[in-house]
Amino acid sequence: MRKPIIAGNWKMYKTLSEAKDFVEQLKDKQVDSSKVDAVICAPAIFLDQLVQATNDSFVAVGAQTMHEEKEGAFTGEVSGHQLQDLGVSYVVIGHSERRQYFNETDESVQQKVKAAFENNLTPIICVGETLEQREQNETVNIVSAQVMAALEGLSEENVEASVIAYEPIWAIGTGKTATADDANEVCQAIRETILDGFGEEVANSVRIQYGGSVKPENIEELLSKEHIDGALVGGASLQVDSFVKLLEAGQNA
Ligand SMILES: O=C[C@H](O)COP(=O)(O)O
């Protein structure tokens, strides 16, 4: 059985004091880390202090992106090597906002995923289709191609350790959620793509999240589906109470 993974993506929200306050409140909650993996993907400027603040707790810390090179003249960027040095465990790669606003491509996603593993970071690899692509029945083709591009050249062991986040772009921050059945169908297609490329054992082990307007009211149904192993959550991860409800749903799934 795959352990659910609930990751909050804070995007460009919170000040440092708000972030620390959130973590202090969260640490007091009863969450069983043997039943659910809890991750907070915070703005890069907080990562150092959040790693310290979450030390010895059930919460792991993730970054929201990284550069594929170890170091260099890349103004404003942060490398996997630097994230590892801070004690960060996860990194979101290829979020649709990065693809849309920062020109990330399947090729750069592939390089970043490879670099993440070279630095002992677990990538949360985001894939998803636009509304137009969905209306043209292109969802499975688009998403499968994104998955294969991101995983190309990885060892079976690394593919198995990857987390894939299926996030239909039209559902992000809009309040529109894919139905649990639709989301499950695409997650199943992702698993079948991985099965074709890397075999049954890998496909059965890799964890696939759904993301896009996930909240306490809809997470249980999403997690009840066979191929959905967790959630990548934006808005509903910003308040302690709702994030804890999401973690509890993961714990009980
Ligand atoms: O990374 C998270 C996703 O973009 C979903 O964001 P949302 O839960 O606010 O729709």
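- In the annotation of an unreviewed UniProt entry, the protein is listed under the name Triosephosphate isomerase and assigned to Psychrobacillus lasiicapitis.
- In its Catalytic activity (unreviewed entry) section, the UniProt entry covering the protein states "D-glyceraldehyde 3-phosphate = dihydroxyacetone phosphate".
- Quoted verbatim from the Sequence similarities (unreviewed entry) heading of the UniProt record, the comment on the protein is "Belongs to the triosephosphate isomerase family."

**Some details on the site of the ligand**
Turning to step 1, where the next piece is worked out: The local shell around the ligand holds 13 residues, among which K11, H95, E167, G173 and S213 are the closest.
Turning to step 2, where the next piece is worked out: S213 places a main-chain nitrogen or oxygen 2.8 Å from an oxygen atom of the ligand.
Turning to step 3, where the next piece is worked out: Here the ligand loses 95% of its free accessible area of 310 Å² to cover by the protein chains.
Turning to step 4, where the next piece is worked out: Counting atoms within 2 Å of the grid points, the majority share of the ligand lands in the second largest pocket.
Turning to step 5, where the next piece is worked out: The residue inventory of the shell around the ligand, partitioned by class, reads 4 nonpolar, 7 polar and 2 charged.

**A closer look at the sheet that holds strand β1 (residues 5-9)**
Turning to step 1, where the next piece is worked out: If you walk around this closed barrel you meet the 8 strands as β1-β2-β3-β4-β5-β6-β7-β8, and the pairing is parallel. If you compare each strand with its neighbour and ignore which way they point, the axes differ by 25 degrees on average.
Turning to step 2, where the next piece is worked out: In this structure, β1 lies alongside strand β2 (residues 37-41), joined through 5 bridges in parallel fashion. Within β2, the residue paired with I5 across the bridge is D37.
Turning to step 3, where the next piece is worked out: Sheet strands touched by helix α9 (residues 180-198): β5 (122-127), β6 (163-166) and β7 (207-211). Its angle to β6, the strand with the most contacts, is close to 140 degrees.

**Re the UniProt feature "modified residue: Phosphoserine" (unreviewed entry) in the protein**
Turning to step 1, where the next piece is worked out: On the UniProt side, "modified residue: Phosphoserine" (unreviewed entry) is annotated at positions that read S213 here.
Turning to step 2, where the next piece is worked out: Mapped onto the secondary structure, S213 falls in the loop between β7 and α11 (216-223).
Turning to step 3, where the next piece is worked out: Looking at S213, the relative accessible area reads 17%, which means it is buried.
Turning to step 4, where the next piece is worked out: In contact with S213, other than residues within four places in its own chain, are A171, G173, T174, G175, K176, T177 and N218.
Turning to step 5, where the next piece is worked out: Looking at S213, its side chain comes within polar contact range of the main-chain oxygen of A171, at 2.8 Å.

**What about empty space enclosed by the protein?**
Turning to step 1, where the next piece is worked out: Per the stated rule, a full pass over the model turns up 1 cavity of 30 Å³ or more.
Turning to step 2, where the next piece is worked out: If you add up the space inside the largest cavity, you get close to 40 Å³.
Turning to step 3, where the next piece is worked out: Surrounding the largest cavity, G94, S96, R99, C126, V127, G128, Q146, E167, I169 and I172 form its lining.
Turning to step 4, where the next piece is worked out: Mapped onto the lining of the largest cavity, the elements with two or more residues apiece are α4 (96-101) and β5.
Turning to step 5, where the next piece is worked out: Of the residues contributing to the lining of the largest cavity, the split by class is 4 nonpolar, 4 polar and 2 charged.

**Looking at the side chain of Q146**
Turning to step 1, where the next piece is worked out: Among the secondary structure elements, Q146 is positioned in helix α7 (residues 139-151).
Turning to step 2, where the next piece is worked out: Note on Q146: relative accessible area 11%, which makes it buried.
Turning to step 3, where the next piece is worked out: The residues contacting Q146, other than those within four sequence positions of it, are R99, D106, V127 and G128.

Conventions used here
All residue numbers refer to positions counted from 1 along the written sequence of the respective chain. Predicted model: local features are reported for residues with pLDDT of at least 70 only, side-chain atom pairs are reported and counted for 80 or more only, and whole-chain, interface and lining totals are derived from all residues. The side-chain figures draw on all heavy atoms in the structure; neither hydrogens nor water molecules are used. UniProt positions are given in the numbering used here, feature names are shortened, and annotations may be inferred rather than shown by experiment. Here a residue is considered near a molecule or strand provided that any single heavy atom belonging to it is located within 4 Å of it. Polar contact is defined as a pair of N or O atoms within 3.5 Å, subject to the rule that within protein one atom must be able to donate a hydrogen and the other to accept it, and that residues adjacent in sequence are counted only when both atoms are side-chain atoms. Accessible surface area values rest on a Shrake-Rupley calculation with a 1.4 Å probe, where residue burial reflects the displayed protein chains alone. In this analysis a 1.4 Å probe is tested at points of a 1 Å grid over the protein atoms alone, and where it fits but cannot get out there is a cavity; an open set with protein on both sides within 12 Å along at least five of seven lines is a pocket; lining residues have an atom within 4 Å of a point. More than half of a molecule's atoms within 2 Å of the grid points is what it takes for that molecule to sit in a cavity or pocket. Nonpolar residues are Ala, Val, Leu, Ile, Met, Phe, Trp, Tyr, Cys and Pro. Charged residues are Asp, Glu, Lys and Arg, and all others, Gly as well, are polar. Paired strands are those between which DSSP finds at least two bridges. Helix and strand definitions follow DSSP, with helices as H or I runs of at least four residues and strands as E runs of at least two, each counted in order from the N terminus. Fitting a line to C-alpha atoms yields each axis, with helices limited to the stretch in contact; the angle taken between N-to-C directions then spans 0 to 180 degrees. The contact definition used throughout considers only heavy atoms, calling two residues in contact when any of these lie within 4.5 Å. Only protein chains enter the calculation, and the probe is 1.4 Å; a residue is then buried if its accessible area is under 20% of its type maximum, exposed if over 50%, and partly exposed in between. Grid points are joined across faces, edges and corners, and a volume is the space filled by probe spheres set on the points.

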